[in-house]
Amino acid sequence: FGGAAEREAARRSLGIDQDAPVALYYGHISQEKGVSDLLEAWSRIAGSGALLLLVGFPDPFTNPNFARLLRRLPNSSYRWFDNQAEVVPFLHAADVVVVPSTRDESFGRVVVEAMATGRPALATRVGGIPEILHGRMSRFLYQPTDVEELVAKLVPLLTWRTSEPHLAAECRAWVERKFPFDAHVRQLERVLTEHRGRS
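Because the structure is a prediction, the values reported are computed rather than measured.

1. Brief notes about the overall build of the protein
Regarding its fold elements, the protein presents 10 helices and six strands. Radius of gyration (C-alpha) of the protein: 17 Å, near the 16 Å computed for a compact globule of 199 residues. Based on the C-alpha atoms only, the size of the protein along its principal axes is roughly 55 × 35 × 30 Å. Across the 199 residues of the protein, 47% fall into the buried class. Carbon and sulfur atoms form 53% of the exposed surface of the protein, whose accessible area is close to 10,000 Å². A distance of 2 Å separates the average location of the 24 positive side-chain charges in the protein from that of its 24 negative side-chain charges.

2. A closer look at the environment of L14
Its place among the elements puts L14 in helix α1 (residues 4–14). Between the alpha carbons of L14 and A93 there is a distance of 8.2 Å; along the sequence they are 79 residues apart. Those residues in contact with L14 that lie beyond four places of it in its chain are R79, F81, P89, F90 and A93.

3. Regarding the packing of aromatic side chains
Per the stated rule, a full pass over the model turns up two aromatic pairs. Between the aromatic rings of F81 and F90, the centroid separation amounts to 4.9 Å while the plane-to-plane angle is 70°, which identifies the pairing as edge-to-face. Centroid distance F107 to F179: 5.8 Å. Interplanar angle 75°. Geometry classified as edge-to-face. One end of the pair, F107, is in the loop between β4 (96–99) and α5 (109–116); the other, F179, is in the loop between α9 (167–178) and α10 (181–194), and 72 residues separate them in sequence. A residue is classified by how much of its surface remains accessible, and F107, at 34% relative accessible area, is partly exposed. Taking the ring centre of W174 as reference, the NZ or CZ of K178 above it sits at 4.9 Å.

4. Some points on the nonpolar core
L24, L39, W42, V111, M115, L133 and L154 are the most contacted members of the largest nonpolar core, which totals 65 residues. Among all residues touching W42, those that are not within four sequence positions of it are A23, A50, L51, L52, L73, S77, L154 and L158.

5. A few points about α5
Of all the eight residues making up α5, six are buried; the element is thus mostly covered by neighbouring parts of the structure. Within the span of α5, buried status applies to V110, V111, V112, A114, M115 and A116. On its buried side, α5 packs onto β1 (22–26), α4 (88–93), β4, β5 (121–124), α6 (129–132) and α9. In the stretch just after α5, G118 is the one whose phi turns positive, near 95°.

Criteria and thresholds
Residues numbered from 1 in each chain as written. Predicted model: local features only at pLDDT ≥ 70, side-chain atom pairs only at ≥ 80, totals over all residues. Heavy atoms only, no water. Helix = DSSP H or I, 4+ residues; strand = E, 2+ residues; numbered from the N terminus. Rg over C-alpha atoms; globule rule 2.2 N^0.38 Å. Buried < 20%, exposed > 50% of the residue type's maximum accessible area, 1.4 Å probe, protein only. Areas by Shrake-Rupley, 256 points an atom, 1.4 Å probe, with all protein chains shown as cover. Lys, Arg positive; Asp, Glu negative; His and termini not counted. Charge placed at Lys NZ, Arg CZ, Asp CG, Glu CD. Contact = heavy atoms within 4.5 Å. Phe/Tyr/Trp six-rings, centres within 6.5 Å; stacked < 30°, edge-to-face > 60°. Lys NZ or Arg CZ within 6 Å of the ring centre and 35° of its normal. Core = buried A, V, L, I, M, F, W, Y, C linked by side-chain atoms within 4.5 Å.

And the structure:
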């Protein structure tokens, strides 16, 4: 979990303005992960003082489509970091994590990781992600490739610390209740044991 102190320390170490609203994408930078949709959405937000962190491989400037979208953004509105062995500082620096995937994700680990740190995860309604974001958390889902809906849901989440100060604790509690680590490991061990030796 990352509270105010962890957020301040992470931003200081990454050279990020303490007052800027920050959105984070981390993972493989590819079309099927919806990165072009996120960049298109960010072009409509850029200029508001918000910052988009892109963390992952490959360098988005090696993709002509991503490079074109990035050139439309003010340099001060985004930063790209190559693959990182440790993503917790980036999670702690962020206010919201975006998971814009257009392919069916089998689970959606990034969603759980983000919420475990006390950050809302705004994610597409694909694969196993709606099984994580259901009930009252389903408000963080949007239709894949729907840039308008992404913008509409992302903008208010950038300032949730003011409008919904309880949200960090709510996200953390949701993960602890629905996806406890120990129970997850036990169930994984059970499945592996049951299927041991099968070809």
